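# Descriptive analysis of the structure
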Amino acid sequence: MPFSVKPRDVRKLFNFQHNCILIPFALKSICWFHIVPETKIEIDRITRIINEHQFPDAPLQPTLLHHIPSPTLSAVFVENVLGRLFAAHTNGLKAYEFFKFSLQFPHLHPTSDAFEKTLHILTRMRYFDKAWELMGEIGQRNPSLLTLKSMSIMLSRIAKFKSYEETLQAFERMEKHIFVGRKFGANEFNVLLHAFCTQRQMKEAKSIFQKMHSRFPPNSKTMNILLLGFKESGDITAVELFYHEMVKRGFKPNTITYNIRIDAYCKEGCFGDGLRLFQEMERANCLPTLETITTLIHGAGVARNITRAWELFNEIPVRMLGPDIGAYNALVSSLVKCRDLESAIHLMDEMEERQIGVDGTTYHTVFCGLKRSGGIDGVYELYHRMTSKSFVPRTRTVVMLMKFFCQNHRLDLGLNLWNYVLDKGFCPHDHALAILVTGLCSHGRVHEAFECSKQMLNRGRHMSESIFRMLVRFLLQAGEKEKLRILDDMIKRLHSIYPASRGHAVGLYA
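Residues numbered from 1 in each chain as written. Predicted model: local features only at pLDDT ≥ 70, side-chain atom pairs only at ≥ 80, totals over all residues. Heavy atoms only, no water.

## Structural notes on the overall build of the protein
How we decide: Here a helix means four or more residues in a row that DSSP labels H or I, a strand means two or more in a row labelled E, and each is numbered from the N terminus. Remark: exposure states derive from per-residue accessible area (1.4 Å probe, protein chains only) relative to the maximum for the residue type, with buried under 20%, exposed over 50%, and partly exposed in between. Throughout, the Shrake-Rupley method with a 1.4 Å probe supplies accessible areas, and for residues the shown protein chains are the sole cover considered. Residues counted as positive are Lys and Arg, residues counted as negative are Asp and Glu, and His and the chain ends are not counted. Throughout, a charge is located at the NZ atom of Lys, the CZ atom of Arg, the CG atom of Asp or the CD atom of Glu.
In terms of regular secondary structure, the protein is built from 27 helices and zero strands. Buried residues in the protein amount to 57% of all 510 residues. Total accessible area computed for the protein in this model is approximately 21,500 Å², and 52% of it derives from carbon and sulfur atoms. Between the averaged position of the 65 positive side-chain charges in the protein and that of its 51 negative side-chain charges there is a distance of 4 Å.

## Digging into a positive patch on the surface
The test is simple: Patch membership is restricted to residues that have no salt bridge and whose relative accessible area is over 30%. Joining uses 9 Å for like charges and 5 Å for the nonpolar side chains Val, Leu, Ile, Met, Phe, Trp and Tyr. Note on definitions: salt bridges are taken to be side-chain nitrogens of Lys or Arg within 4 Å of carboxyl oxygens of Asp or Glu.
The grouping of Arg304, Arg339, Lys371, Arg372 and Lys403 at the surface amounts to a positive patch. Among the secondary structure elements, Arg339 is positioned in the loop between α18 (325–337) and α19 (341–353).

## What to know about the side chain of Thr147
The condition that has to hold: Counting of polar contacts relies on pairs of N or O atoms within 3.5 Å, with two restrictions inside protein: one atom must be capable of donating a hydrogen and the other of accepting it, and residues adjacent in sequence are counted only when both atoms are side-chain atoms. Any two residues having at least one pair of non-hydrogen atoms within 4.5 Å are treated as being in contact.
Tracing the backbone shows Thr147 in the loop between α7 (128–141) and α8 (148–161). One polar contact links Thr147 to Glu116, side chain to side chain, over a distance of 2.7 Å. Leave out the neighbours within four places in its chain, and Thr147 touches Ser112, Glu116 and Phe179.

## Quick look at the nonpolar core
Within soluble globular proteins, side chains that are nonpolar generally end up buried alongside one another. What counts here: Residue types Ala, Val, Leu, Ile, Met, Phe, Trp, Tyr and Cys, when buried and joined through side-chain atoms within 4.5 Å, form a set referred to as a nonpolar core.
Grouped together as the largest cluster of nonpolar side chains are 175 residues, with contacts concentrated most on Phe98, Met135 and Met174. Discounting residues that sit within four places of it in the chain, Met174 has contacts with Trp132, Met135, Met151, Met154, Leu155, Phe179 and Phe184.

## Considering the confidence of the model for the protein
Using the following cut-off: Per residue, pLDDT captures the predictor's confidence, and it can take any value from 0 to 100.
Here the protein averages 90 in pLDDT, and 92% of its residues register 70 or above. The weakest mean pLDDT in the protein belongs to helix α1 (residues 16–21) at 40; the strongest belongs to α18 at 98. Across residues 1–33, confidence stays below pLDDT 50; counting only partners more than four residues off in sequence or on other chains, it has 109 contacts.

## Topic: the packing of helix α26 (residues 465–477) against helix α27 (residues 481–497)
We count it as follows: Only the stretch in contact is used when a helix axis is fitted, and all axes are lines through C-alpha atoms; the angle between N-to-C directions ranges over 0 to 180 degrees. Roughly parallel means an angle under 35 degrees; roughly antiparallel means over 145; roughly perpendicular covers 65 to 115; every other angle is labelled oblique. Crossing handedness is read from the near helix: turned anticlockwise from the far helix by less than a right angle, it gives a left-handed crossing, and turned clockwise, a right-handed one. Basically, the charged four are Asp, Glu, Lys and Arg, the nonpolar ten are Ala, Val, Leu, Ile, Met, Phe, Trp, Tyr, Cys and Pro, and anything else, Gly included, counts as polar.
Following both chains from N to C, one finds α26 and α27 inclined at 160°, their axes separated by 8 Å at the closest point. Between α26 and α27, the interaxial angle falls into the category roughly antiparallel. Here α26 runs over α27; the crossing is left-handed. Between α26 and α27, the contacting residues are Phe468, Leu471, Val472, Leu475 and Leu476 on the first element and Lys481, Lys483, Leu484, Leu487, Asp488 and Ile491 on the second. Tallied by class, the residues present in the contact of α26 with α27 amount to eight nonpolar, no polar and three charged.

## Side note on the pattern of salt bridges
Under the definition given, this model contains 32 salt bridges. Put simply, Glu311 and Arg308 hold a salt bridge, and the shortest N to O gap is 3.3 Å. A residue pair is termed a helical-turn pair when its members lie 3 or 4 positions apart in one helix, as Glu311 and Arg308 do in helix α17 (residues 306–318) at three residues. Residue Glu311 is classed as partly exposed on the basis of its relative accessible area, which comes to 39%. Across the salt bridge formed by Arg354 and Glu350, the nearest N and O atoms sit 3.6 Å from each other. A residue is classified by how much of its surface remains accessible, and Arg354, at 53% relative accessible area, is exposed.

## Description of helix α14 (residues 255–267)
Each α-helix turn comprises 3.6 residues. Residues three or four places apart therefore point the same way. Filter applied, for reference: Each helix should span, by expectation, one fewer than its residue count multiplied by 1.5 Å.
Over its 13 residues, α14 runs 18 Å from end to end, which matches the ideal 18 Å to within 8%, given 1.5 Å per residue. Of all 13 residues in α14, 12 are buried, a share of seventy percent or more. Of the residues flanking the start of α14, the one acting as N-cap is Asn254, its side-chain oxygen 3.1 Å from the backbone nitrogen of Ile256. Just downstream of α14, Gly269 is the residue with a positive phi angle, here 85°.

## Examining empty space enclosed by the protein
Gaps between atoms show up when a probe of the same size as a water molecule is rolled over them. Put simply, the test is: With a 1 Å grid spanning the protein atoms alone, the term cavity applies to any set of points in which a 1.4 Å probe fits but cannot get out, the term pocket to an open set with protein on both sides within 12 Å along at least five of seven lines, and the term lining residue to any residue with an atom within 4 Å of a point. Grid points are joined across faces, edges and corners, and a volume is the space filled by probe spheres set on the points.
According to the stated counting rule, one finds seven cavities of 30 Å³ or more in the structure shown. By volume, the second largest cavity amounts to about 80 Å³. Grouping the amino acids of the lining of the second largest cavity by side-chain chemistry returns nine nonpolar, three polar and one charged.

Here it is, written out as structure tokens:
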């Protein structure tokens, strides 16, 4: 089951309902455990080249042509590089350039996955003009790549960053000008509802439903999307009220309906109610899926019932199902919640031995447990294990580790983490920069704070206004007016190319 790499979804342990309700909306994650080492090295190398390139001061495509021989460029390679660029928080315009570069080769046919990843990177950075430009071009050249998934990516980001009216206008624009010749029906309507529900904008979702359900007759997916929205809002009462309403409307609950309700109860610590629904589900001849069991394992952890978590995990093969990385992560999470870190780390070993592999969620969960245990030694040991395997953690883990290292006065480890992530071709989030720069400045290491800020700006990423103002103060105190001028020039240059969002620095006298 693919897990989403959306930035807000990455904070959630399980996303399977989002993926089951429509089509797999989540970007296909790259399982590095199964990639040939030589290919992995080449993907890392190209990602690093793109991230460090001074685009648009210098054109990117000639550099790509020099470093990527045409015969070695394949559709899978393009998908994997774009996946790395997404995870690396690369500036969206660089990813767009790489995708356009891949379109120049007659032997290479673009895939919907590569297109969707590029679209996701652009919309995440709010480059909506470029995203519309990309959708228009694909609509003319390769209309078969325009899928419900690409529609969902665009509408979800617009719903998050723009207004209700602008989201409706975007839906109408897609119908009239992008998905030309396609008759919009319930599936497209579901995508629009999904955009609001994933942002927990249930007032807007209900308004859309009331306004448009006569034009787009709802189906079971429609009702499950709305049910999911209430679940994401954390209101069990609303979930149950809407469930009874959908039953009154004549919709028969299916496996996904039960999964959503079970997850709602488990997340609130009502594990007993989750088990009750599980039994009701079986009586209704709705076969539990691996996702159902995974949710219950997680719910057992929330309820601190590790015995039941193990029982549910061991039932998986009995039910003729195979545990995947999500099921293992649920059990790891439960062990961590019950403070059995030794068993959690042992389970990580088992995941690798069985070729299932560990992912960002696994590492983050165990790091959280080790951090709460109060000592830095365990965190450092796992950090060393992770870096020795060349695994790059997700953004939330980088930020968490940076905060932990700096709070424990281990700026050496903070800088080591910063350089490790950069060496792997990733661009750390501005939250990680803020934590590191604050720690360095408070210990009088202004020059290193300046260098880290330069590295961030050189990669086309903005720094926050508050951190810039702090650097201004410390650089002036140190008499480093030239460094301040360099930083100011870089910020203004970046702002002229990539307009800053609210809260980002725009320079001294902007």
